[in-house]
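Residues per chain, in single letters:
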Amino acid sequence: MSFVHLHNHSNYSLLDGLSKIKLMVAKAKRLEMPALALTDHGNLYGAIDFYKTCTAAGIKPIIGIEAYIALRQRFDKEANIDNKRFHLTLLAADKTGYQNLLKLVTAANLEGYYYKPRMDKELLRQHHQGLICLSGCMASELGRALGAGDDRLAEQVVKEHQEIFGADNYWLEIMHHPKIEGQLAIKQATIDLARRLKLPLVATQDCHYLEPDEARAHDTVVAIGTHSDNENNKRFSNQDEDFSFIDQATAERYFSNTPEALEATLEIAARCHLELEFG
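These numbers come from a predicted model, not from an experiment.

**A look at the pairing of strand S3 (residues 85-92)**
Then, in step 1: In terms of burial, S3 is largely enclosed, as eight of its eight residues are buried.
Then, in step 2: The two faces of S3 match: Arg85, His87, Thr89 and Leu91 on one face and Phe86, Leu88, Leu90 and Ala92 on the other face are all buried.
Then, in step 3: Relative to S3, strand S2 (residues 60-70) is paired through seven bridges, and the arrangement is antiparallel. Pairing of alanine 70 across the sheet is with arginine 85, part of S3.
Then, in step 4: Sheet analysis places S3 next to strand S5 (residues 131-134), joined by four bridges and oriented antiparallel. Among the inter-strand pairings, leucine 91 is bridged to a residue of S5, identified as isoleucine 132.

Structure representation (structure tokens):
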């Protein structure tokens, strides 16, 4: 069994990620991982640096994004409504997918920006080719539906994303962050949904830094990003949870009851073939 990281934030996830690309790739190389994905929040700032660094290290680069999806349309910008959004993980399977990521991110910034650069379902339908979609974290549309116990809505979300990306390009994403309230319940609900609908699972680690002892530094960065004091006990904080760059053995422990979700990371990595020309 092996494991490929498909959900990673670098320091280009501004005021959220800590990992420097050079060090992230070096750790993946040390752990003998054949491929690595970069999925920064809402941007592709690190994509070329990441591609070149991975290629030089003999690691397959997978360029992606953790997108912000508008609750309504990207043009809607009404206070106290459109400041909320969903997360979604998108990976470029080929050059067409990479070019579509560029179009999506550009439109999200120029048309959909409201607190964050937001895409919407219309954009995804226009620029879905060449993309692999993972259902996302707790803050995804699917995660929110399952967290609310709304199985009917969850099935509607799955069906809509399968229609947009194609059934063969959509995977239910599970993470293991048990110290976050409600996360284990959502993980299990996602597994149950996948088995009920016969859908593929994929395991990810929502990686924001490389080593466990960097949690405090990451927490400070998040406090800055949320305009808070890191001594404020009521503020948003996940300092007690592990968002580090885990090794294969840890991944096997976290997902011991869903080995198929670990195997899926290798399958998805094998489907991604992006070659960029420079000069």
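**Thoughts on the state of the cysteines**
Then, in step 1: Following the criterion strictly, the structure yields zero disulfides and no others.
Then, in step 2: The closest cysteine sulfur to the non-disulfide-bonded cysteine 272 is located on cysteine 54, 12 Å from its own sulfur.

**Things to note about the pattern of salt bridges**
Then, in step 1: Counting across every chain of the model gives twelve salt bridges.
Then, in step 2: The partner of aspartate 82 in a salt bridge is arginine 72, with the nearest N and O atoms 2.6 Å apart. A residue pair is termed long-range when its members are at least 10 positions apart, and aspartate 82 in the loop between S2 and S3 and arginine 72 in the loop between S2 and S3 qualify at ten residues.
Then, in step 3: Across the pair aspartate 120 and arginine 74 runs a salt bridge, and its minimum N-O distance is 3.1 Å. Of this pair, aspartate 120 sits in the loop between strand S4 (118-119) and helix H4 (121-126) while arginine 74 is found in the loop between S2 and S3, placing the two residues 46 residues apart along the sequence.

**Here's the deal with the side chain of arginine 85**
Then, in step 1: By the element assignment, arginine 85 lies in strand S3.
Then, in step 2: Among buried charged residues, arginine 85 stands out as having no salt bridge; its nearest opposite-charge side chain is aspartate 82, 9.5 Å away.
Then, in step 3: Within the structure, the side chain of arginine 85 is placed 2.5 Å from the backbone oxygen of asparagine 83, a separation counted as a polar contact.
Then, in step 4: The contacts of arginine 85, once residues within four sequence positions are left out, are Tyr68, Ile69, Leu71, Tyr114, Tyr115, Lys116, Arg118, Ala139 and Arg144.

**So, the pairing of S2**
Then, in step 1: Counting buried residues along S2, ten of its eleven residues qualify, which places the element largely inside the surrounding structure.
Then, in step 2: Direction of pairing for strand S1 (residues 35-38) relative to S2: parallel, over a ladder of four bridges. Paired with alanine 35 across the bridge in S2 is lysine 60.
Then, in step 3: Strand direction decides the pairing type here: S2 and S4, joined by two bridges, are parallel.

**A look at helix H2 (residues 47-57)**
Then, in step 1: Within the span of H2, buried status applies to Ala47, Phe50, Tyr51, Cys54 and Ala57. Buried residues in H2, looked at end-on, bunch into an arc of 140°, giving them a common side.
Then, in step 2: Tucked into the core, H2 has its buried residues touching helix H1 (21-30), S1 and S2.
Then, in step 3: Positioned one or two residues after H2, glycine 58 has a phi angle of 80°, which is positive.

**Details of helix H7 (residues 183-197)**
Then, in step 1: For H7, with 15 residues, the first-to-last C-alpha span of 21 Å sits near the 21 Å given by 1.5 Å per residue.
Then, in step 2: Considered for burial, the residues of H7 that qualify are Gln183, Ile186, Lys187, Thr190, Ile191, Leu193 and Ala194. The buried side chains of H7 occupy one side of the element, clustering within an arc of 160° when seen end-on.
Then, in step 3: Residues of H7 that are buried sit in contact with helix H5 (141-147), helix H6 (151-165), strand S6 (170-174), strand S7 (201-203) and helix H9 (248-254).
Then, in step 4: Trailing H7 by a residue or two, lysine 198 shows a phi angle of about 55°, which is positive.

**Considering the environment of tyrosine 12**
Then, in step 1: Here tyrosine 12 shows up in the segment before H1.
Then, in step 2: Judged by its relative accessible area of 28%, tyrosine 12 falls in the partly exposed class.
Then, in step 3: On a C-alpha basis, the gap between tyrosine 12 and arginine 144 in space is 26 Å, while along the polypeptide they are 132 residues apart.
Then, in step 4: Ignoring any residue separated from it by four or fewer positions in sequence, one finds tyrosine 12 in contact with Ile21, Asp40, Asn43, Tyr45, Gly46 and Asp49.

Basis of the calculations
Residues numbered from 1 in each chain as written. Predicted model: local features only at pLDDT ≥ 70, side-chain atom pairs only at ≥ 80, totals over all residues. Heavy atoms only, no water. Buried < 20%, exposed > 50% of the residue type's maximum accessible area, 1.4 Å probe, protein only. Helix = DSSP H or I, 4+ residues; strand = E, 2+ residues; numbered from the N terminus. Pairing = 2+ DSSP bridges. Disulfide = S-S within 2.5 Å. Salt bridge = Lys/Arg side-chain N within 4 Å of Asp/Glu carboxyl O. Lys, Arg positive; Asp, Glu negative; His and termini not counted. Polar contact = N/O pair within 3.5 Å; in protein donor to acceptor, adjacent residues only side chain to side chain. Contact = heavy atoms within 4.5 Å. Arc of directions from axis to C-beta. Expected span 1.5 Å × (residues − 1).

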